[in-house]
Amino acid sequence: MASLFRELSLGQSKRESTPPPLKPPQLSIMPSKPAITTTDLDSPLGKLGTQLTESDLRSTAYEIFVAVCRTSSGKPLTYIPNSSNSDSPTNHSTHSPNSPALQRSLTSAAASKMKKALGLKSPGSGSKKSPGSGSGSGSGQGKVRRALTVGELMRTQMRVSETLDSRIRRALLRIAAGQVGRRIESVVLPLELLQQLKLSDFTDQQEYEVWQKRTMKVLEAGLLLHPRVPLDKSNPTSQRLRQIIHGAMDRPIETGKNNESMQVLRSAIMSLANRSDGSLSEICHWADGIPLNLRLYEMLLQACFDVNDETSVIDEIDELMEHIKKTWTVLGMNQMLHNLCFTWVLFHRFVATGQVETDLLDAADGQLAEVAKDAKTTKDPQYSKILSSTLSSILGWAEKRLLAYHDTFDSGNVEMMQGIVSLGVSAAKILAEDISKEYRRKRKVEVDVARTTIDTYIRSSLRTAFAQRMEKADSSRRASKNQPNPLPVLAILAKDVGDLAVNEKQVFSPILKRWHPFSAGVAVATLHACYGNEIKQFISGIVELTPDAVQVLRAADKLEKDLVQIAVEDSVDSDDGGKAIIREMPPYEAEAAIANLVKAWIKARLDRLKEWVDRNLQQEVWNPQANQDGYAPSAVEVLRIIDETLDAYFQLPIPMHPALLPDLMAGLDRCLQYYATKAKSGCGSRNTYVPTMPALTRCTTESKFAWKKKEKSPNTPKRNSQVATMNGDNPFGVPQVCVRINTLHRIRSELDVLEKRIITHLRNSESAHAEDFSNGLARKFELTPAACIEGVQQLSEAVAYKIVFHDLSHVLWDGLYVGEPSSSRIEPFIQEVERNLLIISNTIHERVRTRVVTDIMRASFDGFLIVLLAGGPSRAFTRQDSQIIEDDFKSLKDLFWANGDGLPTELIDKFSTTVRSILPLFRTDTESLVERFRRLTLETYGSNARSKLPLPPTSGQWNPTDPNTLLRMLCYRNDEAASRFLKKTYNLPKKL
């Protein structure tokens, strides 16, 4: 990087004391290497009302400089290096090695006060040297060199030829000779030059005329267009001068001392120049009006830059600046205007030379600090106007880069950004302070200008960067539309925005944090809002769960978490812990949107499944031959659909499988429960088939022999109308009910398989955690197992009691012990039961076979007791029949024991307990039965039963200690004593 200042080393200057020879001798300004590029910056110091070129202004500025410094500009520079290769007689003659001047140059070679004040670095020993240096060639040729004077340095810096310099100095000598004792500020320099310089002082007529026209334009600008003291347009002197100047543009005027036209010109000029501005000083006001004075001073300040390296300030700047400041009196300048102009010159040079030398930028920023101090101490409206114009220009240039700093800077040039931000913030603060002066009393809250400005830059630049990323993402999507599974635009954008946020945090936020402590937080909040506008619009348009939708929402969720994390980290030291920034980031609710889509997907699946269950159950015939396992095809299908639904669910590209699994499980559970409930509906229950107890009657010995064996009692209990329709091949027949039982058992056993498969899915799920496995309820069927167990139990009892009380009623209710017990025994019933057991064993699944057989045994025992204790008037027993009854019951038990191949003995004994406790009552004599009945009735009913024994109600729970059971024993006892007791006590009839 080129260095700003030329530091004199012990080597010699690259240039001789005289400038390079001019190519065309008639030119006044020396050509130089064009290092300054064109810029889009207009000078904020003001536009001149006449056509004065940069060269015109530079020449005029040099004339003023030479005029005010003519007594000192020939003085040798004190900034002189010790040149080892120089044997210049000037050096040796002027300063001995131990002279004070040389000692000073040696000790201050790198100690320019202005350079230090501006924080500028010095170049290395191998860099180019400034015009005041000795020879740096090191060639050893031993050419004679001498140190430059301030005047010679300025001439070289302003690219003025020796011819022009000589002409100006000759004119100044003539002026001094004619006006001894007059100070230069009391002289109108262009007027005096017009008077003193003749055609003979120039190369030719053309050069003379060009010079005269330029001089007249300067007078016009200083006295008529931009005067220090405001000019009345009707002033006759100004009108006369304007006519003279305009005439001189067409024909050169005669400038002889005694020439009448010259005297008229002098009179008009001096009349206007001597107008007082209110001060007591005798100063001619011809170059001190704004903006002419500022533009001329700008030309002088530009001479501080090395003509050979436009990015560097010469090392002799301290001495040169000291002489430049001597022009303040003529130009009407002061320290405040100097600070403002110098700030602009430094800044403009940085911009014009390609924005490569950050030292220039830092120097301008440092000088701006002085301007800030000045702005607080003055109320001068003219200064405020120039200040506002200059700072607005600087700020405008900076903001063009900073309002979209992502387009301007990157990790390679981010250091320059720091300088530009500092410059922009400083300018904004001074402008804000200047604007607010008159309103300061009204301001209740101090605005942090720096923070507000940086906030604006961040938000503006990131919005621009976001729009660019969005356009890029759209282009990427279009470019990949023919590729398999192209990424959705918003998914691409989410990744790009995430990368942008990380880059912001790493590259830009460390710089911007100097002015805004939570710059990264503001950045991510801005990106969050930009992407939020897009994602919310996207979410509002989603109607179903698609891979693209899930991909976008997951990308949005990840982006939001990353942005919030950056904001939280950036705001850890804030007073509110980052709450203000987080409030700027309302959640995208991407996870909630995914969850809602998944729930809608689950509901749609479950609705279809329930419709399928309804439709197929209506068509199901429960055919035992439908498959070899003996369960319904509809069950196979519903289990397959559930399995497919679970597979499809875990294949959804979502991050919340465990979280939403309970919703799916609950729905599937309800569907299976519904299937189980429907599968058992219409099949009845135990109470559906148990007959109604007939009214109690008493027996007589005469009636016993009047009945025929197969005679049906006219009072046979009526059965449920539903039961009457249940015959062989209908959906509620015994084989069909067995298929229903098998089906519910199959569903129950498959639940474990499904639950294990769910665990496997969970283990393969990216979002599963340890607690998802420990919480078993989330992956278990809760309703279906109980529904299946209850259904199997209900159907098993129903089929058992249907067989015993409905299908075999002709051999049990209508045949067993009707008439004479010895001639109507249990064998036909046993045969029919055995036939049904064979059918069941071939149909029912072995895992539930024992239960069904047990229920048939229990129903058979219940039927046997009902025949004995509630068989109606067609049955009557004597004490002698007890042996027949006991033998028949033993045969019935043997049927289920099946010589050890049937039910376990313990199970048979358990369910035969009641029958075995009742059978001894058939051996008991009538008197004992009556006595026991009286005693138990009195114990049950107390003293109320002494006058008349109450009729005990039928409980249905047969027991030898139950009064109703004993009463029934007496009702069916074929005995005179029993009949008399019943007649006397309850007046029971002999028949219904």
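As annotated in an unreviewed UniProt entry, the protein carries the name Protein unc-13 homolog and comes from Dovyalis caffra.

Trainee: What is the right way to look at the overall build of the protein in this model?
Mentor: The secondary structure content of the protein amounts to 40 helices and zero strands. Across the 992 residues that make up the protein, the buried fraction comes to 53%.

Trainee: Could you clarify how one ought to interpret the pattern of salt bridges in this entry?
Mentor: Two side chains carrying opposite charge are able to pair once their charged atoms lie near each other. Under the criterion given, the structure shown has 37 salt bridges. Salt-bridge contacts for Asp614 lead to Lys610; the nearest nitrogen and oxygen are separated by 3.5 Å. One end of the pair is Asp614 and the other is Lys610, both in helix α24 (residues 590–619) and four residues apart, which spans about a single turn. With relative accessibility at 23%, the residue Asp614 sits in the partly exposed group. When its relative accessible area of 38% is taken as the criterion, Lys610 is described as partly exposed. Of the charged contacts, one joins Asp888 and Arg825 as a salt bridge, the two residues approaching to 3.0 Å between their closest N and O atoms. On the criterion of sequence distance, the pair formed by Asp888 in helix α35 (residues 882–897) and Arg825 in the loop between α32 (783–807) and α33 (827–843) is long-range, its members being 63 residues apart. For Asp888, a relative accessible area of 3% translates into the label buried. Residue Arg825 is classed as partly exposed on the basis of its relative accessible area of 34%.

Trainee: Quick question: what am I supposed to make of the packing of helix α34 (residues 846–870) against α35 here?
Mentor: Contact geometry for α34 and α35: axes closest at 10 Å, N-to-C directions at 170 degrees. With respect to α35, the axis of α34 lies roughly antiparallel. Listed contacts from α35 to Val853, Ile856, Met857, Ser860, Phe861, Phe864 and Leu868 of α34 are Ile885, Asp888, Phe889, Leu892, Lys893 and Phe896.

Trainee: Can you help me understand helix α25 (residues 633–651) in this one?
Mentor: Three- or four-residue spacings in an α-helix give side chains the same orientation, since the helix completes a turn every 3.6 residues. If you check α25, its first and last C-alpha atoms are 27 Å apart, about what 19 residues at 1.5 Å a residue would give, namely 27 Å. Restricting attention to buried positions, one finds in α25 the residues Ser634, Ala635, Val638, Leu639, Ile641, Ile642, Asp643, Thr645, Leu646, Ala648, Tyr649 and Phe650. Buried positions along α25 lie against α24, α26 (657–680) and α30 (734–764).

Trainee: So what exactly am I meant to see when it comes to the environment of Leu224 here?
Mentor: Along the polypeptide, Leu224 turns up in helix α8 (residues 205–225). Sequence-distant contacts of Leu224, that is, excluding residues within four places in its chain, are made with Leu219, Leu231, Ser238, Leu241, Arg242, Ile245 and Leu272.

Trainee: Just to check I follow, could you spell out the packing of helix α14 (residues 335–352) against helix α15 (residues 358–377) for this structure?
Mentor: Following both chains from N to C, one finds α14 and α15 inclined at 155 degrees, their axes separated by 8 Å at the closest point. When the axes of α14 and α15 are compared, the pair comes out roughly antiparallel. Judged by the sense of rotation from one axis to the other, the crossing of α14 with α15 is left-handed. Here α14 contributes Gln335, Met336, Asn339, Leu340, Phe342, Thr343, Leu346, Phe347, Arg349 and Phe350 to the contact with α15, which in turn contributes Leu360, Leu361, Ala363, Ala364, Gln367, Leu368, Glu370, Val371, Asp374 and Thr377. Class assignment for the residues of the contact of α14 with α15 results in 12 nonpolar, five polar and three charged.

Trainee: What am I meant to see in the confidence of the model for the protein here?
Mentor: On average, residues of the protein score 82 in pLDDT, and 82% of them reach the 70 mark or higher. Per-element confidence in the protein ranges from a low mean pLDDT of 34 for helix α3 (residues 100–107) to a high of 95 for helix α37 (residues 913–918). Within the model, the stretch residues 1–35 combines pLDDT values under 50 with 136 contacts to residues more than four positions away or in other chains.

Trainee: Where do I start with unusual backbone geometry in this structure?
Mentor: In terms of backbone geometry, most residues other than glycine have negative phi values and most peptide bonds are trans. Look at the link from Ile290 to Pro291: it is a cis peptide, with omega at 10 degrees. With a phi close to 55 degrees, Arg159 is a non-glycine residue in the positive phi region. If you trace the backbone, Arg159 turns up in the loop between α5 (150–157) and α6 (162–178). Overall, the relative accessible area of 17% leaves Arg159 in the buried class. In this structure, Asn987 takes a positive phi of about 55 degrees despite not being glycine. Within the element layout of this structure, Asn987 appears in the segment after α40 (976–986). Look at Asn987 and you get exposed, because its relative accessible area is 52%.

Trainee: Is there a simple way to explain the environment of Val737 in this structure?
Mentor: For Val737, the location among the structural elements is in helix α30. A relative accessible area of 3% means that Val737 is categorised as buried. With 114 residues separating them in the primary sequence, Val737 and Asn623 have C-alpha atoms 9.5 Å apart.

Trainee: Mind showing me how you'd approach the environment of Ala626 here?
Mentor: Following the sequence through the fold, Ala626 ends up in the loop between α24 and α25. We classify Ala626 as partly exposed; its relative accessible area is 38%. Separated by 113 residues in the primary sequence, Ala626 and Val739 have C-alpha atoms spaced 9.6 Å apart.

Trainee: How should the side chain of Thr985 be read in this particular structure?
Mentor: If you trace the backbone, Thr985 turns up in helix α40. If we skip the residues at most four places from it in the chain, Thr985 touches Lys948 and Leu949.

Cut-offs applied
Numbering of residues starts from 1 in each chain and follows the order in which that chain's sequence is written. Only residues with pLDDT of at least 70 are given local features in this predicted model, and only at 80 or more are side-chain atom pairs given and counted; all residues enter the totals for whole chains, interfaces and linings. As a rule here, side-chain values come from all non-hydrogen atoms in the structure, and water together with hydrogens is ignored. The way it works is that DSSP assigns letters per residue, a run of H or I at least four long becomes a helix, a run of E at least two long becomes a strand, and they are numbered from the N terminus. Under the scheme applied here, a residue whose accessible area is under 20% of the maximum for its type counts as buried, over 50% as exposed, and between as partly exposed, the area being computed with a 1.4 Å probe on protein chains only. Every case where a carboxyl oxygen of Asp or Glu lies within 4 Å of a side-chain nitrogen of Lys or Arg is listed as a salt bridge. Each axis is a line fitted through C-alpha atoms, taken for helices only over the stretch in contact, and angles between the N-to-C directions span 0 to 180 degrees. Geometric relationships in this document are graded by angle, where less than 35 degrees denotes roughly parallel, more than 145 denotes roughly antiparallel, 65 to 115 denotes roughly perpendicular, and other angles denote oblique. Every residue pair with non-hydrogen atoms within 4.5 Å of one another is taken to be in contact. How far a helix is expected to stretch is found by multiplying one less than its residue total by 1.5 Å. A crossing counts as left-handed when the near helix is turned anticlockwise from the far one by less than a right angle, and as right-handed when that turn is clockwise. Residue classes follow a fixed rule: Ala, Val, Leu, Ile, Met, Phe, Trp, Tyr, Cys and Pro count as nonpolar, while Asp, Glu, Lys and Arg count as charged, and any other residue, Gly among them, counts as polar. Think of pLDDT as the predictor's per-residue confidence, scored from 0 to 100.

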